[in-house]
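Analysis of the macromolecular model
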Amino acid sequence: MSGHLDPRLLRAFVTVAEELHFTRAAVRLHTAQQALSRDVRRLERELGAELFVRTTRQVTLTPDGERLLPYARRVLQAQEELLAAFDQARPLLVDLNSPGLVTPRRVLHRARELAPEHELMARYESGLTGAVGELLAGRLDASFGRFAGLDPALRAALDHQPVRYEPMAVVLPEDHRLAPLAQVPLAELAGETVYAGAGNPRTPEWTGLARLLFEGRDIEIAPPAPLAVGDEEFQRVMARTRNPVLAVVGFPALPGTVSRPLVDPVPLSPVSLVWRKGLTHPALDALRRAAARLAAEEGWLRRPDGGWVPATDDVLMASR
């Protein structure tokens, strides 16, 4: 046996031992059943002992599993006490990207309800890519966004939990030819130049999603331009260029504009909760529980009929 046991493996073991059911244990840990099974098998290899008897009907502890259980519980309790005595008292800094985005804000509000004893403080980094540097430097704890849009080397240093397939929309000048429509079919954007954040170094994951969506549809992405900061400046630039703006349903329209959902197909923006690997904090646990509960209550992870999402995103969203 090695001289080090990852507490995560012990937590996986204890949860399965308490549930005696891998699926229920995976739900408690907010992870995939396959990942949980891998963790238990790894712990068994490191200990050189079989901990569970698995059949198609039931899971039971072996004698070695029974012997390990009290030790594992004491180790995890000691870890929780140690963390509580030091870093755990600090606020959890949560990036919501933008004040207008509904999904991150709702998750944060629910987490505050679930853990009123902890401080969760909002930050606004305006894009997942922009937040990643802060996450890895420890100046930010969690963010939201399109995980598949990050460089694989960055993803390797992060963990994520799928939260929502968020329907996308287009923001239009109120006198635009498409503004009278209740919904805008993607085909109606053919020939248009649509703003999707090109050139903004904080949001390339969003521009990349737009590029995949517009490919083969005769829709152009507006070229890079100086970033308009603040609603008033953005409104002025939009009035001058008259370019539609790619957004998500629920994003508030500015004065002089209207927001219309996109259909045929319904494009979906895959949203994950993202944090750096190894981060432990009870408020992060509350944030993850909040995201999982809202997703279940609202059907956020059910793809609507005719929904569109890039294959690479779909794989990452389904793998957790």
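Everything numeric here is computed off the predicted structure, so don't read it as measured data.

So, about the overall build of the protein. Of regular secondary structure, the protein possesses eleven helices and 13 strands. Taken over the C-alpha atoms alone, the protein extends approximately 75 × 45 × 35 Å along its principal axes. Looking at the protein as a whole, 47% of its 320 residues are labelled buried. Expressed as a percentage of contacts within the protein between residues at least 6 apart in sequence, the contacts between residues at least 24 apart total 75%. Of the accessible surface of the protein, which amounts to about 16,000 Å², a share of 53% is contributed by carbon and sulfur atoms.

Closest axis-to-axis distance for the helix 1 (residues 7-19)/helix 2 (residues 22-29) pair is 8 Å, and the angle between their directions is 130°. When the axis of helix 1 is compared with that of helix 2, the two are oblique. The way helix 1 lies across helix 2 gives a crossing that is right-handed. Contacts between helix 1 and helix 2 involve Arg11, Ala12, Thr15, Val16, Glu18 and Glu19 on the former and, on the latter, Phe22, Arg24, Ala25, Arg28 and Leu29.

Before going further, it helps to examine the pattern of salt bridges. Taken as a whole and assessed by the stated rule, the structure comprises 20 salt bridges. For aspartate 6, the salt bridge is made with arginine 8, and the minimal N-O distance between the two is 3.8 Å. For arginine 110, the salt bridge is made with glutamate 297, and the minimal N-O distance between the two is 3.0 Å. Linking arginine 110 in helix 5 (residues 102-114) with glutamate 297 in helix 10 (residues 282-298), this pair joins segments that are 187 residues apart in sequence. Ionic contacts of the salt-bridge type, sharing partners, join the residues Asp6, Arg8 and Asp39 into one network.

With that settled, the discussion passes to the environment of aspartate 151. Relative to the helices and strands, aspartate 151 is located in the loop between strand 5 (142-145) and helix 7 (152-155). Between the alpha carbons of aspartate 151 and glutamate 66 there is a distance of 43 Å; along the sequence they are 85 residues apart. Separated by 2.8 Å, the side chain of aspartate 151 and the backbone nitrogen of alanine 153 make a polar contact.

As a further point, take the packing of helix 5 against helix 10. Where helix 5 contacts helix 10, the two axes come as close as 8 Å, and the packing angle between them is 115°. By crossing handedness, the relation of helix 5 to helix 10 is classed as right-handed. Across the interface between the two elements, Arg106, Val107, Leu108, Arg110, Ala111 and Leu114 from helix 5 touch Ala286, Leu287, Arg289, Ala290, Ala291, Arg293, Leu294, Glu297 and Glu298 from helix 10. Tallied by class, residues from the contact of helix 5 with helix 10 come to nine nonpolar, no polar and six charged.

With that settled, the discussion passes to the packing of aromatic side chains. Inspection of the entire model under this criterion finds two aromatic pairs. Judged by centre distance (5.5 Å) and plane angle (50°), the ring pair of phenylalanine 13 and phenylalanine 52 falls under tilted. Here phenylalanine 13 is found in helix 1, whereas its partner phenylalanine 52 is found in strand 1 (residues 52-54), with 39 residues between them in sequence. Each member of the pair, phenylalanine 13 together with phenylalanine 52, is buried. Using a relative accessible area of 0% as the deciding quantity, one classes phenylalanine 52 as buried. Among the aromatic residues, those joined into a cluster by ring pairs are Phe13, Phe22 and Phe52. The residue whose ring lies beneath arginine 303 is tyrosine 165, and the NZ or CZ to ring-centre distance is 5.9 Å.

The buried fraction of strand 6 (residues 158-173) is high, at 15 of 16 residues. Across nine bridges, strand 6 lies against strand 12 (residues 266-276) in antiparallel orientation. What sits directly across from glutamine 161, in strand 12, is leucine 273. Strand direction decides the pairing type here: strand 6 and strand 10 (residues 245-248), joined by four bridges, are antiparallel. Its bridge partner being in strand 10, methionine 168 is matched across the sheet by valine 248. Bridge count between strand 6 and strand 11 (residues 257-263): five bridges; the pairing is antiparallel. When the bridges of strand 11 are listed, proline 173 appears paired with threonine 257.

Rules used in this analysis
Residues numbered from 1 in each chain as written. Predicted model: local features only at pLDDT ≥ 70, side-chain atom pairs only at ≥ 80, totals over all residues. Heavy atoms only, no water. Helix = DSSP H or I, 4+ residues; strand = E, 2+ residues; numbered from the N terminus. Buried < 20%, exposed > 50% of the residue type's maximum accessible area, 1.4 Å probe, protein only. Contact = heavy atoms within 4.5 Å. Areas by Shrake-Rupley, 256 points an atom, 1.4 Å probe, with all protein chains shown as cover. Axes fitted to C-alpha atoms, helices over the stretch in contact; angles between N-to-C directions. Parallel < 35°, antiparallel > 145°, perpendicular 65-115°, else oblique. Left-handed = near helix turned anticlockwise from the far one by under 90°. Salt bridge = Lys/Arg side-chain N within 4 Å of Asp/Glu carboxyl O. Polar contact = N/O pair within 3.5 Å; in protein donor to acceptor, adjacent residues only side chain to side chain. Nonpolar A, V, L, I, M, F, W, Y, C, P; charged D, E, K, R; others polar. Phe/Tyr/Trp six-rings, centres within 6.5 Å; stacked < 30°, edge-to-face > 60°. Lys NZ or Arg CZ within 6 Å of the ring centre and 35° of its normal. Pairing = 2+ DSSP bridges.

That's the geometry; what it means functionally is another story.
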